[in-house]
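As a plain string of letters, each chain reads:
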Protein chains: 2
Amino acid sequence: MKLAVLGAGDVGGSVLELAGEYGHEVVAVADSTTAAVDEEGLDAAAVLSRKRNRGGVGSAEVEAALSADYDVLVEATPTTLGDAEPGFSHVRQALERDRHVVLANKGPVAERYADVRALEADSAGTVLFEAAVGGAIPVLSTIAGLEGQVTAARGVLNGTANFILSRMAAEGLGYEHVLAEAQDLGVAEPDPTFDVEGTDAALKCVILANVLFDDAYTLADAAVEGIADLPGSALELAAEDGRTIRLIGEVTDGTVRVGPRLVPEHGTLAVSGTLNIVQLDTTHAGRLNISGRGAGGAETASAVLADVGRLPGLE
Amino acid sequence: MKLAVLGAGDVGGSVLELAGEYGHEVVAVADSTTAAVDEEGLDAAAVLSRKRNRGGVGSAEVEAALSADYDVLVEATPTTLGDAEPGFSHVRQALERDRHVVLANKGPVAERYADVRALEADSAGTVLFEAAVGGAIPVLSTIAGLEGQVTAARGVLNGTANFILSRMAAEGLGYEHVLAEAQDLGVAEPDPTFDVEGTDAALKCVILANVLFDDAYTLADAAVEGIADLPGSALELAAEDGRTIRLIGEVTDGTVRVGPRLVPEHGTLAVSGTLNIVQLDTTHAGRLNISGRGAGGAETASAVLADVGRLPGLE
């Protein structure tokens, strides 16, 4: 497949680097201000080196990437809330041109799921978004394989918050101290709000709810509580009882909730560090657990490229 | 799809009961001595009641099920070693008739993988066998979705052995005592050899090796050690060191091994009771863990029916 990659951060850059290994070729790439297009296939190293040294992937306008002759648009620009722009417009333009779309960006499928599905219904293109939920963990393809059997999902869907809670519990340290440590390690962003307030986990749960219940949930439908106000004493009390605290997202009975929850200290949901886990309840297959790396450029890019491999051929 | 189900034990019986829920219909079923065929679709309750009361699913010969007009042959007869008969002949007949095959029986894909693939290559039919590895856990479809990225697999692939080891460790009881308890609970067979000697786990690992390395491994290529001779004192020593013992199957670097291994007491591989877990090492997606129910009639049938849903249409 010929790919146009929008967004040249960790994920977009890794898609550019790994596409060839999966038998695909990137013919266009754009960051927020520039683009590079080559219908013979771009040289990943040259593009990424140009971005590092000159601050932009190329000398063309972003629009040139959108109008390139690609089969699949890979949307890996940063997640935005509300109207989910500019990601949503990128998705719309690709579908109107009867092209496939693979999203790593959560915005369009969390905030405007019904609009995306309506555009897809009128298009020859297909929309997939495995990378938007749980990074490298194949959550959505597992749900698809279970053919409507999944009745509820829950899990740890944010590695930053999980790292902080794991360290607070293991070392008896306070939130601010561990957050600073996580920022030094690059596990937390300079502005950690999205992760520690539960927004990122909630967006993933909203996407899960949209897929499981084929409905138009948005972030506004989720009850969300973060971990920024969690006192270290709460973790100590939990430990005395053989339990610990994790930021758990839940999609069940038509509701979406994210918040700190008590879980058994050595239980399935108490994954450590930056790991993510998703637990699926099913009608006949019992409970399935899938854990792995929920973030990271190469890991998330591998989910994007797995989606590309699942797409039907285009006429 | 129209299914012919060979084998009317826990798995075959559950496929019969659940097929309708997945939008399929069973037109033939056979146990070891009799068959029932109805091209309009069999009544699951009537067939299973007949089997309970009269000892056979119907009054026709087994051959009548094999020659019925079905789309997919579901092979759920007991696993046999060596020539993998009669399962292998059932697979051959279906493929020669250009029909699809879905296996819960491990024999043909563990012991005669190259023969099965050769028959498939000459057939319009496709062979799938998710249910043969890890019951309800979608191991093979996850591997397929990872598109050649999986470099090694390991895990707990036998619920009976895991139940025995979990109980020995938790209660400080000896092997013979816990085995008797497991037999009372129906978790272990009256003859537990296949499970406790590691044969069942090894067959699953051989299948994984065949899929991962596209090769013709058989049970003879596996180094297999069971748990029947494991003294309770080994578990006590492990516990003093924060570890426990699990029967671990490993497929890595072209070798297949099954044996009792030390694992961290609260680590990912130390699942409890009858749970199974599979850990996949990948080139770009890090390490993935999938755990769930590795056995059970409905659970395994759900994997069979998920495979049926993945099959391409027949001309």
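None of the values given here were measured: they were computed from a predicted structure.

Procedures and definitions
Each chain has its residues counted from 1, running along the sequence as written. Note on labels: chains are lettered from A, ligands numbered from 1, in written order. Given that this is a predicted model, residues contribute local features only at a pLDDT of at least 70 and side-chain atom pairs are listed and counted only at 80 or more, while totals for whole chains, interfaces and linings are drawn from all residues. For the purposes of this entry, the term helix denotes a DSSP run of H or I that reaches at least four residues, the term strand denotes a run of E that reaches at least two, and both are numbered from the N terminus. For the purpose of contact definition, each residue receives a C-beta atom placed from its backbone, and two residues are in contact when these atoms lie within 7 Å. Note that Gly is not counted as nonpolar here; it falls among the polar residues with everything else outside the nonpolar set of Ala, Val, Leu, Ile, Met, Phe, Trp, Tyr, Cys and Pro and the charged set of Asp, Glu, Lys and Arg. Here a strand pair is declared whenever DSSP counts at least two bridges between the two strands. Axis definition: a line fit to C-alpha positions, over the contact stretch in the case of helices; interaxial angles, taken between N-to-C directions, run 0 to 180 degrees. Oblique is the label for any angle not under 35 degrees, not over 145, and not in the 65 to 115 range, which are roughly parallel, roughly antiparallel and roughly perpendicular in turn. Left-handed is the label given to a crossing in which the near helix is rotated counterclockwise from the far helix by less than a right angle, and right-handed is the label when the rotation is clockwise. Annotation comment: domain bounds sourced from an automatic or database domain assignment. What pLDDT reports is the predictor's confidence in each residue, on a scale of 0 through 100.

Participant: Quick question: what am I supposed to make of the environment of Ala-209 of chain A here?
Facilitator: All names here are of chain A. With respect to the element layout, Ala-209 can be found in helix 11 (residues 199–213). For the pair Ala-209 and Asp-229, spaced 20 residues apart in sequence, the C-alpha to C-alpha distance is 27 Å. The residues touching Ala-209, leaving out its near neighbours within four places in the chain, are Asp-215, Tyr-217, Val-251 and Val-256.

Participant: What should I look at first to understand the interface of chain B and chain A in this one?
Facilitator: Often the size quoted for an interface is simply the accessible area lost on bringing the parts together. On the chain A side, the residues contacting the 28 residues of chain B number 28 residues. The element best represented in the side of chain B that touches chain A is strand 12 (residues 287–293) of chain B, accounting for 7 residues. Class assignment for the residues of the side of chain B that touches chain A results in 12 nonpolar, 12 polar and 4 charged. Relative to strand 12 of chain B, strand 12 (residues 287–293) of chain A runs antiparallel, the two being bridged by 3 bridges.

Participant: Even after reading the chapter, I still don't get the sheet that holds strand 5 (residues 100–103) of chain A, so can you show me in this structure?
Facilitator: Either a parallel or an antiparallel arrangement is found when strands of a sheet pair, and the pairing is made through backbone hydrogen bonds. Residues and elements named next belong to chain A. With respect to topology, 6 strands assemble into an open sheet ordered 3-2-1-4-5-6, the strand pairing being mixed. The sheet is open, and its two edges are formed by strand 3 (35–37) and strand 6 (127–128), each paired on a single side. Docked against the sheet, helix 4 (residues 87–96) engages strand 1 (2–6), strand 4 (72–75) and strand 5, running at close to 175° with respect to strand 4.

Participant: Quick question: what am I supposed to make of the packing of helix 1 (residues 10–18) of chain A against helix 2 (residues 44–54) of chain A here?
Facilitator: The geometry of a pair of packed helices is captured by two quantities: the angle between their axes and the separation between those axes. All names here are of chain A. Contact geometry for helix 1 and helix 2: axes closest at 9 Å, N-to-C directions at 155°. Considered as vectors, helix 1 and helix 2 are oriented roughly antiparallel to each other. Across the interface between the two elements, Gly-13, Leu-16 and Glu-17 of helix 1 pack against Ala-44, Val-47 and Leu-48 of helix 2. In the contact of helix 1 with helix 2, the residues fall into 4 nonpolar, 1 polar and 1 charged.

Participant: Can you walk me through the packing of helix 1 of chain A against helix 13 (residues 297–310) of chain A in this structure?
Facilitator: Residues and elements named next belong to chain A. Here helix 1 crosses helix 13 at 65°, and the two axes come no closer than 8 Å. The handedness of the crossing between helix 1 and helix 13 comes out as right-handed. Facing Asp-10, Val-11, Gly-13, Ser-14, Val-15 and Leu-18 of helix 1, the residues of helix 13 in contact are Gly-297, Ala-298, Thr-300, Ala-301, Val-304 and Leu-305. Per-class residue counts for the contact of helix 1 with helix 13 are 7 nonpolar, 4 polar and 1 charged.

Participant: Is there a simple way to think about the domain arrangement of chain A in this case?
Facilitator: Residues and elements named next belong to chain A. Partitioning chain A into structural domains gives domain 1 (2–136 + 297–310) and domain 2 (141–293). Look at where the C-alpha atoms of domain 1 and domain 2 centre, and you get two points 27 Å apart. In this assembly, 16 residues from domain 1 lie in contact with 15 residues from domain 2. Those elements giving two or more residues to the side of domain 1 that touches domain 2 turn out to be helix 5 (107–111) and helix 6 (113–121). The element best represented in the side of domain 1 that touches domain 2 is helix 5, accounting for 3 residues.

Participant: Would you take a moment to explain the confidence of the model for chain A for this structure?
Facilitator: Any segment with low pLDDT has predicted coordinates that should not be analysed in fine detail. Confidence in the prediction of chain A, expressed as mean pLDDT, is 96, and 99% of residues score 70 or more. Our summary of model confidence lists the complex with pTM equal to 0.95 and ipTM equal to 0.94.

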